[in-house]
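Here are the chains, one letter per residue:
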Amino acid sequence: MLKAFVARLQQGRRTISYPDAEPTLPDRFRGYPRIDPARCRTGCSLCVDACPTGAISTDRRGPRVDLGRCLFCSECEDACPDGAIAYGRELVVDGETQRLVTALDERTRRLFGRSLKLRQVSAGGCNGCEADVNVLNTVVFDLGRFGIQFVASPRHADGLLITGPVTENMRLALQKTYAAVPSPKIVIAVGACAIAGGPFIDHPEVHNGADSVVPVDLYVPGCPPHPITILDALLRLLGRLAA
C-alpha cells in the first residue's frame, strides 16, 4: 500500500485543467476547415469532387462545408490550387464553435446539470469515436468531476451517446435502447457517422446517422472528434460553459 501512495505522489497531477485553462493540443491536431471566399475561383469544383462524403457545395459566395458530413480529412485542402480551404489547429475559432451548441432549457438543466448519466451505444462504428469517448473516463480528462458518467443500463441513464452510422443490424437495438431510457431524456450523436453516415453515407445497409431512428439533441462533428471537443460540447449543453 505504501508503494502505491509513493507512486501516486511521484506521478503528480495528470488531469488536464480544461475548461479552466486553454487545452494543450497535439501538433497533429486538425481543427475544422476555414474558408477564404476571396481565393475561390468561380466555377471551380475541385474541392467538391475531392470530398468523399459530399460535405462541400459551392455557390456564388464560394465553397460551403457541412461539418456534420465532414471527415476533416483535408482532401479538399489538397485539391484546391488557390488555398481557399485550409485546416487550422484551433479548437475554437472566433467563437463560432460555441454558437453551435445551445444549452438545454432551464428545467432540463436543473435535472441533468449536476448529474448526467449516459448510456453509450456503438451503432456500427469503427471504434474511432468510441475510443475517444472512452478516454474521457481516464484520469487525464476525468469526466466524473463534472458529474457526467457512463452507465451500463439504459434504464439507469438520462440519455444516450451514440456513435456509428446506425447499421441495419443496429437499428432495432438502438430503438429499444432509446425506449428503455426513462423520460425526460437527451440524445447526443458523436462523430460524422452518427450525424450523417460518415464515409458510409447512403450505403444500403446504413441509416445515415442517429436522427433517422431517434431524436437528437446535440451533434458533435469530427472523424473522430477530439476528446476535448466532446467534453466541450457536453459542458456547453449543460450550461456549464458560457456560450
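Residues numbered from 1 in each chain as written. Predicted model: local features only at pLDDT ≥ 70, side-chain atom pairs only at ≥ 80, totals over all residues. Heavy atoms only, no water.

## Quick look at the packing of aromatic side chains
- Summed over the entire model, instances satisfying the criterion amount to one aromatic pair.
- Lying over the aromatic face of Tyr87, Arg30 brings its terminal NZ or CZ to 5.9 Å of the ring centre.
- Of note, Lys185 hangs over the ring of Tyr178, and the distance from its end group to the ring centre comes to 3.9 Å. (Phe/Tyr/Trp six-rings, centres within 6.5 Å; stacked < 30°, edge-to-face > 60°. Lys NZ or Arg CZ within 6 Å of the ring centre and 35° of its normal.)

## Quick notes on the nonpolar core
- Judged by nonpolar contacts, the single largest core of 29 residues is most densely connected at Ile148, Ile188 and Val190.
- Counting only elements with at least two residues in this core, the list comes to β5 (116-122), α6 (128-134), β8 (186-190), β9 (218-220) and α9 (227-237).
- At seven residues, the largest contribution of residues to this core is made by α9.
- Beyond its immediate stretch of four places on either side in the chain, Ile188 contacts Leu118, Leu160, Leu161, Ile162, Leu218, Val220, Leu234 and Leu237.
- Counting residues in hydrophobic clusters, the runner-up holds 16 residues, among them Val166, Val181, Val187 and Val213. (Core = buried A, V, L, I, M, F, W, Y, C linked by side-chain atoms within 4.5 Å. Buried < 20%, exposed > 50% of the residue type's maximum accessible area, 1.4 Å probe, protein only. Helix = DSSP H or I, 4+ residues; strand = E, 2+ residues; numbered from the N terminus. Contact = heavy atoms within 4.5 Å.)

## Side note on the pattern of salt bridges
- By the definition in use, this model includes four salt bridges.
- The shortest N-O distance in the salt bridge between Arg171 and Glu168 comes to 3.6 Å. With a gap of three residues between them, Arg171 and Glu168 both fall in helix α7 (residues 168-180), about one helical turn apart.
- The class for Glu168 is partly exposed, based on a relative accessible area of 32%.
- Here Arg236 and Asp232 are joined by a salt bridge, their closest N and O atoms 2.8 Å apart. Linking Arg236 with Asp232, this pair stays in helix α9, spanning four residues, or about one helical turn.
- Under the relative-accessibility criterion, Asp232 is labelled buried at 7%. (Salt bridge = Lys/Arg side-chain N within 4 Å of Asp/Glu carboxyl O.)

## Digging into the confidence of the model for the protein
- For the protein, the average pLDDT comes to 89, and 94% of its residues sit at 70 or higher.
- Ranking the helices and strands of the protein by mean pLDDT puts strand β7 (residues 159-163) first, with 98, and helix α4 (residues 96-100) last, with 49. (pLDDT = per-residue confidence, 0-100.)

## Examining the environment of Asn208
- Relative to the helices and strands, Asn208 resides in the loop between α8 (192-196) and β9.
- Once the C-alpha coordinates of Asn208 and Cys51 are considered, the two residues, 157 residues apart in sequence, prove to be 17 Å apart.
- Among residues more than four places away in sequence, those in contact with Asn208 are Pro165, Ile195, Ala196, Gly197, Phe200, Ile201 and Asp202.
- A distance of 2.8 Å separates the side chain of Asn208 from the backbone nitrogen of Asp202, its partner in a polar contact. (Polar contact = N/O pair within 3.5 Å; in protein donor to acceptor, adjacent residues only side chain to side chain.)

## Focus: helix α1 (residues 2-11)
- Across the ten residues of α1, zero count as buried, placing the element largely on the outside.
- Following α1 by one or two positions, Gly12 adopts a phi angle in the positive range, close to 75°.

## Observations concerning the sheet that holds β7
- With respect to topology, five strands assemble into an open sheet ordered β6-β5-β7-β8-β9, the strand pairing being parallel. Each edge of the sheet is formed by a strand with only one pairing partner; in this case those strands are β6 (148-150) and β9. When strand polarity is set aside, the average angle formed by the axes of neighbouring strands in this sheet is 25°.
- Along the sheet face, α7 touches β5, β7 and β8 and points at about 170° away from the line of β5.
- Of the strands in this sheet, β5, β6, β8 and β9 are in contact with α9, which crosses β9 at around 160°. (Pairing = 2+ DSSP bridges. Axes fitted to C-alpha atoms, helices over the stretch in contact; angles between N-to-C directions.)

## Some details on the environment of Arg110
- When you line up the elements, Arg110 lands in helix α5 (residues 106-112).
- Given the relative accessible area of 60%, Arg110 is considered exposed.
- Each C-alpha atom, one on Arg110 and one on Leu238, is 9.1 Å from the other, the two residues being 128 residues apart in sequence.

## Describing the pairing of strand β2 (residues 56-59)
- Examined bridge by bridge, β2 and strand β3 (residues 62-65) share four bridges and lie antiparallel to one another. By the bridge assignment for β3, Ser57 is matched with Arg64.
- Between β2 and β3, which follow one another and run antiparallel, lie two residues.

## So, α7
- What α7 keeps buried is the set Leu174, Thr177 and Ala180. Buried residues along α7 cover an arc of 120° about the axis, so they all sit on one side. Opposite its buried face, α7 presents the exposed residues Lys176 and Ala179, each directed more than 90 degrees away.
- Here the buried face of α7 lies against β5 and β7. (Arc of directions from axis to C-beta.)

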